[in-house]
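Residue-level listing of the chains:
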Amino acid sequence: MTLIQARIEAAQGWIGFDAFMALALYTPGLGYYSGPSRKFGAGGDFVTAPELSPLFGACVAGQLAAWMQAAGTGHLVEFGAGTGQLASQVLNELERLGQPVTRYDIIELSGNLREQQADTLRALSPTQQGKVHWLDRLPDQLQAVVLANEVLDAMPVNLFHWDGGQLFERGVAWSESGPCWQDRPATSDFEALVRRSLTGAGHADLKDLPAPYVSEVHAQGQAWIRTLGGHLQAGAVLTLDYGFPAREYYHGQRDRGTLACHHRHQVGFDPFLQIGAQDLTAHVDFTAIDAAAGEAGLNLAGFCNQARFLMNNGLLERLAAQPIDAGLAYASQAQAVGRLLSEAEMGELFKAIAWVKAEDPAMRQALLDASHGFEPGGRLL
Ligand SMILES: C[S@@+](CC[C@H](N)C(=O)[O-])C[C@H]1O[C@@H](n2cnc3c(N)ncnc32)[C@H](O)[C@@H]1O
């Protein structure tokens, strides 16, 4: 709290919400993701797909293997690996498939989660463990397949407020009772960023929005995919996350945006409560992320809901192959698959999106053809 107050004072009394969110989530030792509390699973604050079932990672691995073959690479990079469950599931399934892995790099902001990942991965064979490395930054040039599950939603966002006549950036000031909202007239750069996102949603003008209207823009998420695309020489990027194409994201009725807080499986909407103890997250605007990806030379390979992606990667067949006489263990897998596929849970709100990159047209086509988790010619609606 003192740190946030000091930052606000040092910035003449106001910081953007992205700066507040970065402090609340990632300040070493104090931020939500950097602290020691349990975040994932039944005893934590929220559940992610790899925590629900290893069949999730097995499906993802099937898709990664196809791209690895098309790009002729054994190099995988995972961003934001959480507890390390997905890395473990992917490495096990690739071994079962006989798909060679030369390196599995993890890029993780939280030192505490890096330790948890190392703990989880100690269950792998020494040969597999030897392939895992933690990096602080992306190598300059990369021929690899890149994976990020629920990472974009954890990246800091900026907030805007349209009052019907003027556009503001909604940021954070300090009051007697602690942090509080404060709007500032949007700078021309910020207004351009908002207008770009709204154009993606088919809104020709800010006046198309009802007032008041508050929502987010994802400058950091866009910068992330631009940087990644710039470093990737050949390969593919798969990200799974909750969110919408821009038309749904900036729908007139979604006039309070998607910013949310998670604590002990309860959803809240006040980011100034329990700072550092609750997760802050915003849905992903896939249209804006795809536009930024395109600027970095990434070609959209597919976009669909998570249920379709997992079924295209054999989730139901994988469940059917589980030993049914395992009783409770089978029942818990079946229940997890239900949650992953259900429209009311993670099947529809969560999306899979992938891009490929290769200078060689034949390799690019092979990567697109290998995108079997998606329908051919997948488009953002
Ligand atoms: C919601 S968790 C998801 C964890 C894991 N992928 C899973 O599915 O269980 C978000 C993760 O992304 C990490 N993260 C957020 N921004 C990141 C960035 N720019 N680079 C690397 N990791 C990041 C967080 O520290 C955390 O591990």
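From a predicted model like this one, the values you see are computed outputs, not experimental measurements.

Conventions adopted
Residues numbered from 1 in each chain as written. Predicted model: local features only at pLDDT ≥ 70, side-chain atom pairs only at ≥ 80, totals over all residues. Heavy atoms only, no water. Buried < 20%, exposed > 50% of the residue type's maximum accessible area, 1.4 Å probe, protein only. Helix = DSSP H or I, 4+ residues; strand = E, 2+ residues; numbered from the N terminus. Pairing = 2+ DSSP bridges. Axes fitted to C-alpha atoms, helices over the stretch in contact; angles between N-to-C directions. Near = heavy atom within 4 Å. Polar contact = N/O pair within 3.5 Å; in protein donor to acceptor, adjacent residues only side chain to side chain. Areas by Shrake-Rupley, 256 points an atom, 1.4 Å probe, with all protein chains shown as cover. Nonpolar A, V, L, I, M, F, W, Y, C, P; charged D, E, K, R; others polar. Core = buried A, V, L, I, M, F, W, Y, C linked by side-chain atoms within 4.5 Å. Contact = heavy atoms within 4.5 Å. Salt bridge = Lys/Arg side-chain N within 4 Å of Asp/Glu carboxyl O. Phe/Tyr/Trp six-rings, centres within 6.5 Å; stacked < 30°, edge-to-face > 60°. Parallel < 35°, antiparallel > 145°, perpendicular 65-115°, else oblique. Left-handed = near helix turned anticlockwise from the far one by under 90°. Expected span 1.5 Å × (residues − 1).

J.: Let's hear about the pairing of strand S16 (residues 350–357): which residues, and what values?
T.: Burial analysis of S16 places 8 of its 8 residues in the buried class, which makes it a mostly covered element. Residues Phe350, Ala352, Ala354 and Val356 line one face of S16 and the alternating positions Lys351, Ile353, Trp355 and Lys357 line the opposite face, and both faces are buried. One ladder, built from 8 bridges, connects strand S10 (residues 232–244) with S16; its direction is antiparallel. Across the sheet, residue Thr239 finds its bridge partner in S16, namely Ile353. Alignment of strand S15 (residues 299–305) against S16, held across 6 bridges, turns out to be antiparallel. Residue Cys304 lies in a different strand from S16, and its bridge partner there is Ala352.

J.: Break down the sheet that holds strand S11 (residues 260–263) for me, citing the residues and quoting the values.
T.: With antiparallel pairing, 3 strands are arranged side by side in an open sheet as S12-S11-S13. Two strands bound the open sheet, and with one partner strand each, they are strand S12 (266–268) and strand S13 (279–281). When strand polarity is set aside, the average angle formed by the axes of neighbouring strands in this sheet is 30 degrees. Direction of pairing for S11 relative to S12: antiparallel, over a ladder of 3 bridges. Across the sheet, the residue bridging to His262 is Val267, located in S12.

J.: Tell me about the site of the ligand, and name the residues and values.
T.: Close to the ligand lie 18 residues, the nearest being Tyr26, Thr48, Gly80, Glu108 and Asn149. Gly80 has a polar backbone atom sitting 2.7 Å from a nitrogen atom of the ligand. In this structure, an oxygen atom belonging to the ligand sits 2.5 Å away from a side-chain N or O atom of Glu108. Protein chains bury 95% of the 600 Å² of accessible surface belonging to the ligand in isolation. Among the residues forming the shell around the ligand, the class breakdown is 12 nonpolar, 4 polar and 2 charged.

J.: Residues and numbers for the nonpolar core, please.
T.: Within soluble globular proteins, side chains that are nonpolar tend to cluster in buried spots. One finds Trp67, Val90 and Leu238 to be the most contacted residues of the largest nonpolar core, which totals 53 residues. For this core, the element with the most residues is helix H4 (residues 54–71), which contributes 12 residues. In this view, Val90 contacts Gly57, Val60, Ala61, Leu64, Leu76, Tyr104 and Leu147; residues no more than four positions away in its chain are not counted. Counting residues in each nonpolar core, the second largest holds 41 residues, with Leu159, Ala201, Phe244 and Ala246 among its members.

J.: Give me the side chain of Ser197: which residues, what numbers.
T.: With respect to the element layout, Ser197 can be found in helix H8 (residues 188–200). Ignoring anything within four residues of it in the chain, the contact list for Ser197 reads Val217, Gln222, Ala246, Tyr250 and Asp285.

J.: I'd like to hear about the pattern of salt bridges, residue by residue, with values.
T.: Enumeration according to the criterion identifies 13 salt bridges in this entry. Between Arg264 and Asp45 there is a salt bridge, and its shortest N-O distance comes to 3.1 Å. In this pair, Arg264 sits in the loop between S11 and S12 while Asp45 sits in the loop between helix H2 (17–26) and helix H3 (49–52), placing the two residues 219 residues apart along the sequence. Here Arg226 makes a salt bridge to Glu295, at a shortest N to O gap of 2.7 Å. Of this pair, Arg226 sits in helix H9 (residues 219–231) while Glu295 sits in helix H11 (residues 286–295); the two residues are 69 residues apart in sequence, bridging distant segments of the chain. Through salt bridges with shared partners, a single network forms among Glu93, Arg96 and Arg318.

J.: Describe the packing of aromatic side chains, naming the residues involved and giving the relevant values.
T.: Counted by the stated rule, this structure contains 15 aromatic pairs. Where Phe20 meets Phe272, the ring centres are 5.2 Å apart and the plane angle is 85 degrees; that geometry is what we call edge-to-face. Taken as a pair, Phe20 in helix H2 and Phe272 in the loop between S12 and S13 lie far apart in primary sequence, 252 residues in all. Judged by its relative accessible area of 0%, Phe20 falls in the buried class.

J.: Report on unusual backbone geometry, specifying residues and quantitative values.
T.: At the junction of Ala211 and Pro212, the peptide bond is cis and its omega measures out at -5 degrees in the coordinates. Even without glycine at this site, Gln12 takes up a positive phi of about 55 degrees. As for its placement among the helices and strands, Gln12 is situated in the loop between helix H1 (2–10) and strand S1 (15–16). Judged by relative accessible area, which is 67%, Gln12 ranks as exposed. Positive phi, close to 55 degrees, is recorded for Glu150, a residue that is not glycine.

J.: Could you give an account of the packing of H4 against helix H15 (residues 361–369), naming the residues involved and the relevant values?
T.: At a closest axis distance of 9 Å, the pairing of H4 and H15 adopts a crossing angle of 165 degrees. On the basis of their axis angle, the class for H4 and H15 is roughly antiparallel. As for the relative orientation of H4 and H15, their crossing is right-handed in sense. On the side of H4, the interface is formed by Trp67, Ala70 and Ala71, while H15 contributes Met363, Ala366 and Leu367. Considering only residue class, the contact of H4 with H15 consists of 6 nonpolar, no polar and no charged.

J.: Explain H9 to me, and be specific about the residues and the numbers.
T.: One turn of an α-helix holds 3.6 residues; hence residues three or four places apart share an orientation. The first and last C-alpha atoms of H9 sit 18 Å apart over 13 residues, in line with the 18 Å expected at 1.5 Å per residue. Among all positions in H9, only Gly221, Gln222, Trp224, Ile225, Leu228, Gly229 and His231 are buried.

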